[in-house]
Every structure is written in C-alpha cells, then in structure tokens.
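Given next are the chains, with one letter for each unit.
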Amino acid sequence: MNALLPDPALPPLAAKAASLNASYRHHSATDVLVRALKDPEVGRLALVSSFGAESVVLLHLVSVIAPHTPVLFIDTQMLFPETLAYQRNLAARLALTDIRVIRADAGEVWRDDPDGTLHQFNTDACCTLRKTVPLERALRGFDGWITGRKRFQGTTRAAIEFFESEEEKRLKVNPLAHWGRDDLEDYIVNNRLPRHPLVARGYPSIGCAPCTSPVKPGEDPRAGRWRGSAKQECGIHFVGGKVVRGPLPHPDQADGLTATKETAA
Ligand code: SF4
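Each chain has its residues counted from 1, following the order in which its sequence is written. For this predicted model, a pLDDT threshold of at least 70 governs which residues receive local features, and a threshold of 80 or more governs which side-chain atom pairs are given and counted, while totals over whole chains, interfaces and linings are taken from all residues.

### Overview of the overall build of the protein
So, point 1. Helix and strand labels come from DSSP, where a helix needs a run of H or I of at least four residues and a strand needs a run of E of at least two; each type is numbered from the N terminus. On a plain count of helices and strands, the protein comes out with 8 helices and 9 strands.
So, point 2. Remark: C-beta atoms are placed from the backbone, and a residue is labelled buried if 20 or more other C-beta atoms sit within 10 Å of its own, exposed if 12 or fewer do, or partly exposed between those counts. Sorting the 265 residues of the protein into buried and exposed places 37% on the buried side.
So, point 3. Two residues form a contact once the distance between their C-beta atoms, set from the backbone, is within 7 Å. Sequence-distant contacts, at least 24 apart, represent 68% of the contacts inside the protein between residues at least 6 apart.

### Quick word on the packing of helix 2 (residues 29-38) against helix 3 (residues 55-65)
So, point 1. Running from N to C, helix 2 and helix 3 point in directions that differ by 55°, and their axes come no closer than 11 Å. With respect to helix 3, the axis of helix 2 lies oblique. Where helix 2 crosses over helix 3, the handedness of that crossing is right-handed. Side by side, helix 2 and helix 3 meet where Ala 29, Thr 30, Leu 33, Val 34 and Leu 37 of the first sit next to Leu 61, Val 62 and Ile 65 of the second.
So, point 2. Taken together, the residues of the contact of helix 2 with helix 3 sort by class into 7 nonpolar, 1 polar and no charged. The axes are straight lines fitted to the C-alpha atoms, using for helices just the contacting stretch, and the angles between their N-to-C directions are given from 0 to 180°. Reported orientations rely on four angle classes, namely roughly parallel under 35 degrees, roughly antiparallel over 145, roughly perpendicular from 65 to 115, and oblique for the rest. The hand of a helix crossing depends on one turn: near helix anticlockwise from the far one by less than a right angle means left-handed, and clockwise means right-handed. Here the nonpolar group is Ala, Val, Leu, Ile, Met, Phe, Trp, Tyr, Cys and Pro; Asp, Glu, Lys and Arg are the charged ones; every other residue, Gly included, is treated as polar.

### Side note on the sheet that holds strand 6 (residues 170-173)
So, point 1. Pairing is mixed across the open sheet formed by 6 strands, whose spatial order is 3-2-1-4-6-5. Since the sheet does not close on itself, it has two edges, and those belong to strand 3 (99-102) and strand 5 (163-166), each with one partner. Each adjacent strand pair in this sheet contributes to an overall mean axis angle of 30°, direction not counted.
So, point 2. Strands are labelled as partners when DSSP assigns at least two bridges between them. Where strand 2 (residues 71-74) lies against strand 3, 4 bridges are found, and the strand directions are parallel. The partner of Leu 72 across the bridge, within strand 3, is Arg 100.

### Considering the site of the ligand
So, point 1. Taken together, 13 residues lie near the ligand, and Thr 123, Cys 126, Cys 127, Cys 208 and Cys 211 sit nearest.
So, point 2. With 5 residues, the single largest contributor to the shell around the ligand is helix 7 (residues 123-139).
So, point 3. Partitioning the shell around the ligand into residue classes produces 7 nonpolar, 4 polar and 2 charged. Using a C-beta atom placed from the backbone for every residue, we mark a residue as near a molecule or strand if that atom lies within 6 Å of it.

### Here we look at unusual backbone geometry
So, point 1. In the Ramachandran plot, Gln 77 falls in the positive-phi region, its phi being about 65° despite a non-glycine side chain.
So, point 2. Locating Gln 77 in the fold gives a position in the loop between strand 2 and helix 4 (81-93).
So, point 3. Take Gln 77: there are 14 C-beta atoms within 10 Å of it, and that puts it in the partly exposed class.
So, point 4. Here Ala 95, not a glycine, exhibits a phi torsion of approximately 60°, which is positive.

### A few points about the confidence of the model for the protein
So, point 1. For the protein, the mean per-residue pLDDT works out to 84, and 85% of the residues sit at or above 70.
So, point 2. Note that pLDDT drops below 50 for residues 236-265; the model gives that stretch 56 contacts with residues more than four away or on any other chain. Confidence of the predictor at the level of single residues is captured by pLDDT, which takes values from 0 to 100.

### Observations regarding the pairing of strand 5
So, point 1. Sheet topology places strand 5 next to strand 6; 4 bridges connect them, and they run antiparallel. Residue Ser 165 lies in a different strand from strand 6, and its bridge partner there is Leu 171.
So, point 2. Between strand 5 and strand 6, which pair antiparallel in sequence order, lie 3 residues; one of them, Glu 167, sits at a positive phi of approximately 50°.

### Some words on the pairing of strand 6
So, point 1. As paired strands, strand 4 (residues 144-146) and strand 6 are joined by 3 bridges and run parallel to one another. Residue pairing for strand 6: Gly 144 is matched across the bridge by Leu 171.

### Details of the environment of Gly 154
So, point 1. Tracing the backbone through its elements, the reader meets Gly 154 in the loop between strand 4 and strand 5.
So, point 2. Residue classification places Gly 154 among the partly exposed positions, given that 15 C-beta atoms sit within 10 Å.
So, point 3. Separated by 66 residues in the primary sequence, Gly 154 and Asp 220 place their C-alpha atoms 9.4 Å from one another.

Next up, the structure:
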C-alpha cells in the first residue's frame with residue numbers, strides 16, 4: 001500500500017493520522033507545525049499550553065508561524081502565582097493574540113470541591129474536574145489540538161507520533177515528539193526566550209501548586225509531580241472504551257487500549 005494514502009483498514013481519523021505521519025516522518029517540528037496550522041485537511045486547531053517549564057518553545061514556534069492561533073490555557077485555580085504572571089507576560093511578549101483562559105464550571109467546583117481540598121484525597125477526580133472536563137468543553141468546535149508532549153518525558157509518552165487520532169473525535173498534533181532536553185535548551189538559549197521563574201528554583205516540571213514539588217539533582221524531572229503517588233499524567237485514560245483511573249498499563253498488557261487522553265504539560 002502507498003504509505004501516503006489513508007489505510008482503509010483503519011477508522012477515518014486514525015487513517016488520516018497514519019498518512020500524515022508517513023508524510024512527515026523525516027520532517028522537523030517546524031514543518032509539522034506549518035502543515036498542521038495551514039493545511040485545511042488538518043482542520044481548525046488550538047494550541048493547549050500549561051505555560052510551564054518548557055512551554056515557551058512551542059508557544060514561540062506558533063507565534064512565528066501563526067500568532068493568531070487560539071491558545072487554550074487551563075487555569076485550574078490551583079496554579080502557582082508565578083505561572084499566572086508568566087502566562088500574561090509571555091503572551092504579551094510573543095504577541096499571541098488569541099489566548100483563551102479555560103476554567104472549570106463554577107457550579108461543578110461548588111458541587112465537587114467546595115473547600116478546594118479534593119486534590120488531597122482524590123487527585124484523579126480533581127484533575128478531571130479542573131483540567132479534563134474544561135479542556136474537553138473548550139476543544140468543542142476544533143478539529144484537533146497541538147500539544148507539547150515529548151517522547152523523552154516518560155513511558156506513557158515514549159511512542160507518541162506527530163499526529164494521533166483522539167478516539168476518532170479529533171486529531172492530536174505533537175510537533176516536539178522527537179525533541180530531547182538538549183534541543184529544548186538550545187532553542188530557548190538561541191532565541192533568548194524567558195524561562196518560567198520557578199525553573200531556577202528547582203522546578204523542571206510545573207503543574208498545580210499543591211501537586212508540584214522541587215526536584216533534587218539526579219531525580220527525574222517529573223519526580224516532583226504528584227510526588228509519592230503512582231499518578232503520572234493529568235488526564236483520564238480510556239482503555240477498551242472505558243474510563244480507568246491511575247497509571248496506564250504496560251504496553252504489553254494494554255489489550256484494547258483505544259486512547260490516552262491527557263492535558264498538555
Ligand atoms: S494537579 Fe493537583 S490540584 Fe491540579 S487539578 Fe490535578 S489534582 Fe487538582
């Protein structure tokens with residue numbers, strides 16, 4: 001079969017993702033992003049950004065290619081004040097013109113987490129309330145979203161491709177999938193981009209304040225996220241079409257795995 005033609009054995013969106021991956025296998029992050037943002041075949045995309053430790057790279061790339069791209073920023077209302085300030089400063093400096101701040105529905109927060117302590121006893125439910133559900137709502141009307149996920153970030157991301165089908169609902173585009181830490185560092189230095197202020201204080205990966213701690217030298221950069229728990233990602237995982245909590249099974253055990261859904265970090 002011609003690798004560039006959609007595979008008729010796959011569902012339509014998975015076939016489109018496979019075809020795009022075949023076309024862009026040897027291309028750069030910039031090429032993938034240009035294609036994703038300008039090709040009508042890919043459709044309407046939003047960039048989802050946490051404005052975390054490495055987010056500036058993808059935000060800068062998008063600002064150069066298409067600064068009017070909608071950028072969805074999920075304010076869980078549990079973020080560090082430094083993240084909120086960095087988000088405002090970076091959006092202005094990069095001249096991103098369509099920042100959309102996404103928050104959980106106030107009524108749902110009042111019902112499920114009235115005193116703001118849900119994260120202390122059920123982090124999955126808290127992430128669902130404050131991240132996954134608001135993101136799902138915000139993505140309605142888009143054909144896909146751009147994430148900053150990289151393969152080096154851990155076992156749950158080790159095999160991600162440039163283009164993925166998210167449950168046949170929309171495309172997920174991961175332009176930096178093949179970048180390493182050195183690539184990110186070089187890009188930030190060469191383009192003189194501002195870093196998140198908490199990076200210098202020992203936070204190489206930054207999420208919500210209650211669930212992020214500094215990392216010691218030699219530790220995995222994501223060791224400070226949900227420290228002491230098995231949780232590795234923000235989102236709900238879908239296995240065999242059913243919602244499951246907790247870390248994904250090893251790939252060898254993942255019969256029926258249909259999709260991994262997570263917010264960009
Ligand atoms: S990272 Fe922590 S505080 Fe933030 S939404 Fe998830 S559980 Fe809640």
